[in-house]
Amino acid sequence: MKLILTSDVDGLGTAGEIVDVSDGYGRNYLLPRNLAQKATPGAIQNAERVVEIRREAEAKAKSEAETVAKSLVGTRVVIAAQAGDEGRLFGSVGVADVAEGIKRFTGVELDRRTISLESPIKSIGLHEVQVQLHPEVVFPLTIDVVPA
């Protein structure tokens, strides 16, 4: 049975894909849960248009992410924080602080969910964080924590 997926189904495909499944799986699981629709000629044309629009949007998002990544790679972002004499911070620098520092230092506003920090920064010095703007665009960014 040929069906067009209306939403993502684990192990089968993503929305808009045309899949060939057994009659029982399609009739008893996919169709009653509105996860798929029958593959009529008109529906196939619609699905192809939807897939093409999605590909263009993903390509545009990737190119925009690469442009931002090129502007940030090699940049050292300086963040001032209260610290004691031994170099330990009176608190920590988290993902939100890093995003704020990037915005203040470079003018580029990043969503804090794109910044990956293994644990909060608790000492002064250079630290490296990973920024993932797109599933295929990941780059390291150097954070320099200085005492305020």
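Look up: the structure comes first, before these words.
Residues numbered from 1 in each chain as written. Predicted model: local features only at pLDDT ≥ 70, side-chain atom pairs only at ≥ 80, totals over all residues. Heavy atoms only, no water.

**Student:** Give me the lowdown on the overall build of the protein chain, citing residues and values where you can.
**Tutor:** Summing up its helical and strand segments, the protein chain has 3 helices and 9 strands in all. In summary, the protein chain has a C-alpha radius of gyration of 23 Å against a globular reference of 15 Å for 148 residues, an excess of more than 25%. For the protein chain, the spread of C-alpha atoms along the three principal axes comes to 70 × 30 × 15 Å. The buried share of the protein chain, reckoned over its 148 residues, is 32%. Restricting the contact set of the protein chain to residue pairs at least 6 apart, pairs at least 24 apart contribute 50%. (Helix = DSSP H or I, 4+ residues; strand = E, 2+ residues; numbered from the N terminus. Rg over C-alpha atoms; globule rule 2.2 N^0.38 Å. Buried < 20%, exposed > 50% of the residue type's maximum accessible area, 1.4 Å probe, protein only. Contact = heavy atoms within 4.5 Å.)

**Student:** Which residues make up the packing of aromatic side chains, and what are the values?
**Tutor:** When we look at a pair of aromatic rings, we describe it by the centre distance and by the angle of the planes. Counted according to the given criterion, the structure contains 1 aromatic pair. Aromatic side chains Tyr25 and Tyr29 sit 5.5 Å apart centroid to centroid with 10 degrees between the ring planes, which places their arrangement in the stacked category. Of this pair, Tyr25 and Tyr29 both sit in helix α1 (residues 23–30), 4 residues apart, roughly one helical turn. Taking the relative accessible area as the measure of exposure, Tyr25 reaches 31% and is therefore partly exposed. (Phe/Tyr/Trp six-rings, centres within 6.5 Å; stacked < 30°, edge-to-face > 60°.)

**Student:** Give me unusual backbone geometry: which residues, what numbers.
**Tutor:** Look at Asn34: it is not a glycine, yet its phi comes out positive at around 55 degrees. With respect to the element layout, Asn34 can be found in the loop between α1 and β3 (36–38).

**Student:** Can you tell me about the sheet that holds β3, naming the residues and giving the values?
**Tutor:** A sheet is described by the order of its strands in space; here 3 strands give the open sequence β2-β1-β3, paired in antiparallel fashion. The outermost strands of the open sheet, each flanked by one partner alone, are β2 (18–20) and β3. Each strand axis lies, on average, 40 degrees off the axis of its neighbour in the sheet, ignoring direction. Here strand β1 (residues 2–5) runs beside β3; their pairing, made up of 3 bridges, is antiparallel. (Pairing = 2+ DSSP bridges. Axes fitted to C-alpha atoms, helices over the stretch in contact; angles between N-to-C directions.)

**Student:** Describe the pairing of β1, naming the residues involved and giving the relevant values.
**Tutor:** The pairing of β1 with β2 spans 3 bridges and is classified as antiparallel. Its bridge partner being in β2, Ile4 is matched across the sheet by Ile18.

**Student:** Explain the pattern of salt bridges to me, and be specific about the residues and the numbers.
**Tutor:** In this structure the tally under the stated criterion is 5 salt bridges. We note a salt bridge from Glu52 to Arg55, for which the minimum N-O separation is 4.0 Å. Residue Glu52 and its partner Arg55 are located together in helix α2 (residues 41–72), separated by 3 residues, close to a single helical turn. Accessibility expressed as a relative area gives 54% for Arg55, which makes it exposed. With its nearest N and O atoms 3.7 Å apart, the salt bridge here joins Glu100 to Arg104. (Salt bridge = Lys/Arg side-chain N within 4 Å of Asp/Glu carboxyl O.)

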